[in-house]
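# Residue-level structural notes
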Amino acid sequence: VEQCRLHAPQVKISTVRASSVDLMAEMETGRIDLALGAFDEVSGALYHRRLFQQDYVCMYRQHHPLMKVGMSNRDFLHLEHLIVSTKESPYDKINQSLDKAGIKAQASFTVPHFSAVPYLVSTTDLVVIVPQKLAQSAASPFRLAYCKPPIKLPTLQTNIFWHRRFAQDEGNQWLRTLLVTCFADQ
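Here's a quick rundown of the structure. (Residues numbered from 1 in each chain as written. Predicted model: local features only at pLDDT ≥ 70, side-chain atom pairs only at ≥ 80, totals over all residues. Heavy atoms only, no water.)

Topologically, Thr 158 is positioned in strand β8 (residues 156-163). Thr 158 gets classed as buried once you look at its relative accessible area, which sits at 11%. (Helix = DSSP H or I, 4+ residues; strand = E, 2+ residues; numbered from the N terminus. Buried < 20%, exposed > 50% of the residue type's maximum accessible area, 1.4 Å probe, protein only.)

Listed below in structure tokens is the structure:
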């Protein structure tokens with residue numbers, strides 16, 4: 001937002017959840033310029049560029065009485081877990097991993113997306129698995145901590161996607177360049 005204000009104050013940006021629209025049709029018509037995310041299955045009509053890759057981490061409130069770095073799988077399993085119960089790919093793979101480890105069956109609390117997670121975890125003894133960048137940005141303002149979980153989880157790769165019909169569009173190119181400048185791993 002700040003970079004848009006600085007370099008193109010007249011630009012207006014609006015976002016939508018990918019699951020709430022026919023993403024491919026909307027990108028083909030130009031009603032949606034770009035898609036950001038970790039989509040596993042995309043059309044060959046879309047070009048993409050990797051922005052960054054990150055691990056999943058276990059996030060919890062600072063001074064959590066039971067949480068300790070390097071804890072065993074068994075101890076981790078017996079903590080109270082908050083589950084983000086999205087079925088959207090690739091986050092569904094995390095829930096599959098949690099299910100395989102026995103964590104999902106133990107969990108008493110679920111939320112449909114990540115936006116409520118810092119609020120819930122900061123005021124309870126719940127622990128949650130989240131992307132590392134979310135944990136990094138929420139840690140300080142919500143007085144949270146995070147660590148590598150004792151279970152094996154896949155990494156999360158976030159890409160920027162655009163329709164090939166708009167690959168040469170100057171506005172689309174500018175926005176892609178801005179996003180790469182702001183967010184890409186160098």
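Turning our attention to the environment of Leu 51. Structurally, Leu 51 can be placed in strand β2 (residues 46-54). As a C-alpha pair, Leu 51 and Thr 158 span 107 residues in sequence and 5.7 Å in three-dimensional space. If near-sequence neighbours (up to four positions away) are discounted, Leu 51 is found in contact with Leu 36, Thr 158, Asn 159, Ile 160, Leu 179, Val 180, Phe 183, Ala 184 and Asp 185. (Contact = heavy atoms within 4.5 Å.)

Here the focus is unusual backbone geometry. If a residue is not glycine, its phi is most likely negative; likewise, a peptide bond is most likely trans. Not every positive phi belongs to a glycine, and His 63 is a case in point at roughly 65°. Along the chain, His 63 turns up in the loop between β3 (56-61) and α3 (73-77).

Right, let's talk about the pattern of salt bridges for a bit. Under the counting rule described, the total for this entry stands at four salt bridges. Salt-bridge contacts for Arg 31 lead to Glu 26; the nearest nitrogen and oxygen are separated by 3.0 Å. Owing to a relative accessible area of 57%, Arg 31 belongs among the exposed residues under this scheme. (Salt bridge = Lys/Arg side-chain N within 4 Å of Asp/Glu carboxyl O.)

For the rest of this paragraph, the subject is the packing of aromatic side chains. For the structure on display, the rule yields two aromatic pairs. Pairing Tyr 47 with Trp 162 gives two aromatic rings, centres 6.2 Å apart and planes at 70°, and the pair type is edge-to-face. On the criterion of sequence distance, the pair formed by Tyr 47 in strand β2 and Trp 162 in strand β8 is long-range, its members being 115 residues apart. Taking relative accessible area as the criterion, Trp 162 reaches 11% and is therefore assigned buried. If you follow Arg 176 out to its NZ or CZ, it ends over the ring of Trp 162, 4.2 Å from the centre. (Phe/Tyr/Trp six-rings, centres within 6.5 Å; stacked < 30°, edge-to-face > 60°. Lys NZ or Arg CZ within 6 Å of the ring centre and 35° of its normal.)

Strand pairing within a sheet occurs via backbone hydrogen bonds; the two strands may be parallel or antiparallel. With respect to topology, five strands assemble into an open sheet ordered β5-β4-β6-β3-β7, the strand pairing being mixed. Each of the sheet's edge strands pairs with one partner strand only, and the pair in question is β5 (109-111) and β7 (144-147). When strand polarity is set aside, the average angle formed by the axes of neighbouring strands in this sheet is 35°. For β3 and strand β6 (residues 127-131), the ladder comprises four bridges, and the chain directions are antiparallel. (Pairing = 2+ DSSP bridges. Axes fitted to C-alpha atoms, helices over the stretch in contact; angles between N-to-C directions.)

Strands sit in the order β1-β8-β2 across an open sheet of three strands; the sheet is antiparallel. Whereas interior strands pair on both sides, the edge strands pair on one side only; in this sheet they are β1 (35-37) and β2. Averaged over neighbouring strand pairs, the angle between their axes works out to 15° when direction is ignored. Inspection of the sheet shows β1 paired to β8 by three bridges, in the antiparallel sense. The residue bridging Ala 35 from the neighbouring strand is Phe 161, located in β8. Across the face of the sheet, helix α8 (residues 170-183) comes into contact with β1, β2 and β8 while running at roughly 15° to β2.

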